[in-house]
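Coordinate inspection notes
Residues per chain, in single letters:
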Amino acid sequence: MNNFLNQLRVPSRFEQADNAFWQDPYIAKQLLKAHLNSDNEGASRSFSFIDKSIDFIQQIAPQNSYQKVLDLGCGPGLYCERLAKKSYTVTGIDFSENSIRYAKEQAKKLNFDIDYRYENYMELNDSNNYDLALLIYCDYGALAPVDRSKLLFNIWNSLKNGGQLLLDVFSQNKFDQFKEEQYWSLNENGGFWSKDSYVAIGRNLKYPDRVTLEQTTVVTKEKMETYNIWHQYFTKELLIKEVTAVGFTVKEIYDDVSGQTGNGGSETIALLLEK
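Just so it is clear, the model here is predicted, and its values are computed rather than measured.

**Some words on the packing of helix α6 (residues 145–158) against helix α8 (residues 236–246)**
Contact pair α6 / α8: the axes reach a minimum separation of 9 Å and the direction vectors enclose 50°. One element, α6, and the other, α8, form an angle in the oblique class. Crossing of α6 over α8 shows right-handed handedness. Contacts between α6 and α8 involve Arg-148, Ser-149, Leu-152, Phe-153 and Trp-156 from the first element and Glu-242, Val-243 and Val-246 from the second. Residue composition of the contact of α6 with α8, by class: five nonpolar, one polar and two charged.

The following block contains the structure:
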């Protein structure tokens, strides 16, 4: 009982659980299915939006000037494949072994020379190597402030002088829409979190300074696991302050990574930065 109550305690901001759900063999397969479902934006954005983003990337970073591209958190390679098709030289990094395995298999099938690396991009140690880096689908806001600073520095170091970084984050509008709630569900035939029967106990919490937690505790006959998903939401002022502190120059501000502007209700903010 004490273990159960400990699993359900309210964690401190950006406190990580002892497990990474994307490394669980079963859950990793469910995540890959979500990535590859064009109609589901739970893991990746829709394929139509990705295509628009690729068109936009070609405009802001044409291949003849920005040949070498680094995609951080590349997942199964949805952006990498499209960029390789446009003749960019692409490196994709992800901490999901299952996604990288799938991406490598697809690249071989499609005859794309993409350098996929299974590693934690927090440990990125490349120097002066890339013309363009991508950090999208709001991955940046899943990190604690100290980790965000470290990652930005590592990306800055990996870029050539004049290299660019395109990243996006969730906005104040998205934070305002976030609802605090608690819920549970019985999944007798298994589901996303387990192939076996399980109970999922979830809650969404708001923290100070526009931080949220989506927490799920999964209880099966054999074990109990808690997974924390954190998000930092940004104003333009806060985001600009963080990226310029590392040395980046802000070139442009957009509503999203497809280059849209002028939407006052946008759920994201995208920045194009230059080293």
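**A closer look at the nonpolar core**
Grouped together as the largest cluster of nonpolar side chains are 30 residues, with contacts concentrated most on Ile-57, Ile-60, Leu-83, Val-90, Tyr-116, Leu-134 and Leu-166. Residue assignment for this core shows that the elements contributing at least two residues are α3 (47–60), α4 (78–85), α5 (97–110), β4 (130–135) and β11 (268–274). Counting residues per element, this core draws most heavily on α3, at six residues. If we ignore the near neighbours within four places in the chain, the residues touching Ile-60 are Tyr-66, Gln-164, Leu-166, Tyr-254 and Leu-272. In this structure, Ile-93, Leu-124, Phe-234 and Val-243 belong to the second largest nonpolar core, which totals 26 residues.

Cut-offs applied
Residues numbered from 1 in each chain as written. Predicted model: local features only at pLDDT ≥ 70, side-chain atom pairs only at ≥ 80, totals over all residues. Heavy atoms only, no water. Axes fitted to C-alpha atoms, helices over the stretch in contact; angles between N-to-C directions. Helix = DSSP H or I, 4+ residues; strand = E, 2+ residues; numbered from the N terminus. Parallel < 35°, antiparallel > 145°, perpendicular 65-115°, else oblique. Left-handed = near helix turned anticlockwise from the far one by under 90°. Contact = heavy atoms within 4.5 Å. Nonpolar A, V, L, I, M, F, W, Y, C, P; charged D, E, K, R; others polar. Core = buried A, V, L, I, M, F, W, Y, C linked by side-chain atoms within 4.5 Å. Buried < 20%, exposed > 50% of the residue type's maximum accessible area, 1.4 Å probe, protein only.

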